[in-house]
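Architecture and fold: a report
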Amino acid sequence: MSRSSQLVYSTDQGRICPDCRQPKTACCCKTAAAPVSDGPIRIRRQTKGRKGKGVTLIEGIPLADDDLKALAKQLKKACGSGGTVKNGVIEIQGDYREQALAYLVKQGYEAKLAGG
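Residues numbered from 1 in each chain as written. Predicted model: local features only at pLDDT ≥ 70, side-chain atom pairs only at ≥ 80, totals over all residues. Heavy atoms only, no water.

Positionally, E59 belongs in strand β4 (residues 55–59). On the basis of relative accessible area, E59 is assigned to the buried category, the value being 18%. There is a polar contact of 3.1 Å between the side chain of E59 and the side chain of R44. (Helix = DSSP H or I, 4+ residues; strand = E, 2+ residues; numbered from the N terminus. Buried < 20%, exposed > 50% of the residue type's maximum accessible area, 1.4 Å probe, protein only. Polar contact = N/O pair within 3.5 Å; in protein donor to acceptor, adjacent residues only side chain to side chain.)

Here is the structure:
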C-alpha cells in the first residue's frame, strides 16, 4: 500500500497513527523506551554556522523527548538565556558551559566539558 493511500481517520476509532496503524489513543510509537546514553553528558560550545555567535550544546542525555524539553526549560531558566531542543541536543544561546555543568551535576547526571 502506498504512503498516500493509508487510513488516517476512522469513524469507529477516530484518528489513526500512520506508523503503527493503531488508534491515536492506543498508539505505542511514542511510548518507546528512553534512549540509551553512550556515556557521560557532553557540554561544548559551538560557533560554526552561527555568524560568530556562540551556543552551548548539551548532548548525550538519556531522556525521552518530553523529558528532554522539560530539562531544557529548567537549564534555560538556570542560565537566564534562551535556547531550543534539536535532534536530541539542547542548545542554549551563549557560553553557559560552567553553569550547565554545575546544574546537571547537581541534578545527579554524569556530565563533562567537551572540546577545547
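A few words now on the pairing of strand β6 (residues 89–93). Extensive coverage of β6 is indicated by the burial of four of its five residues. By the bridge criterion, four bridges tie β4 to β6 in an arrangement that is antiparallel. Across the sheet, residue V55 finds its bridge partner in β6, namely Q93. Sheet topology note: the strand β5 (residues 83–86)/β6 ladder contains four bridges and is antiparallel. Note that in β6 the partner of V85 across the bridge is I90. In this antiparallel pair of consecutive strands, β5 and β6, the connection spans two residues, and N87 shows a positive phi of 50 degrees. (Pairing = 2+ DSSP bridges.)

What follows deals with the nonpolar core. Ranked by internal contacts, the top residues of the largest apolar core, which has 17 residues, are I43, I58, I61, L71, L75, I90 and L104. Among the elements of the structure, β3 (41–46), α1 (65–79), β6 and α2 (97–106) are those that each provide at least two residues to this core. In terms of residue count, α1 provides more of this core than any other element does, five residues in total. (Core = buried A, V, L, I, M, F, W, Y, C linked by side-chain atoms within 4.5 Å.)

Moving on to the sheet that holds β6. Strand order in the open sheet formed by five strands is β5-β6-β4-β3-β7, and the pairing between neighbours is mixed. Unpaired on one side and paired on the other, β5 and β7 (111–113) mark the two borders of the sheet. Direction aside, neighbouring strands of the sheet carry axes that sit 20 degrees apart on average. Packing against the sheet, α1 makes contact with β4, β5 and β6, and its axis sits at approximately 20 degrees to β6. (Axes fitted to C-alpha atoms, helices over the stretch in contact; angles between N-to-C directions. Contact = heavy atoms within 4.5 Å.)

With that settled, the discussion passes to the pattern of salt bridges. One pass over the full model with this rule turns up four salt bridges. Of the charged contacts, one joins E59 and R44 as a salt bridge, the two residues approaching to 3.1 Å between their closest N and O atoms. Taken together, the residues span a long stretch of sequence, with E59 in strand β4 and R44 in strand β3 at a distance of 15 residues. According to the relative accessible area criterion, R44 is partly exposed, its value standing at 26%. Taken together, the shared-partner salt bridges in this structure form one network comprising R45, D95 and R97. (Salt bridge = Lys/Arg side-chain N within 4 Å of Asp/Glu carboxyl O.)

This paragraph deals with the packing of α1 against α2. Where α1 contacts α2, the axes come no closer than 10 Å and their chain directions differ by 125 degrees. It follows from the interaxial angle that α1 and α2 lie oblique. The chirality of how α1 crosses α2 is right-handed. In this structure, α1 uses L71, Q74, L75, A78 and C79 to contact α2, whose residues at the interface are Q99, A100, Y103 and L104. Classifying every residue of the contact of α1 with α2 by side-chain character gives seven nonpolar, two polar and no charged. (Parallel < 35°, antiparallel > 145°, perpendicular 65-115°, else oblique. Left-handed = near helix turned anticlockwise from the far one by under 90°. Nonpolar A, V, L, I, M, F, W, Y, C, P; charged D, E, K, R; others polar.)

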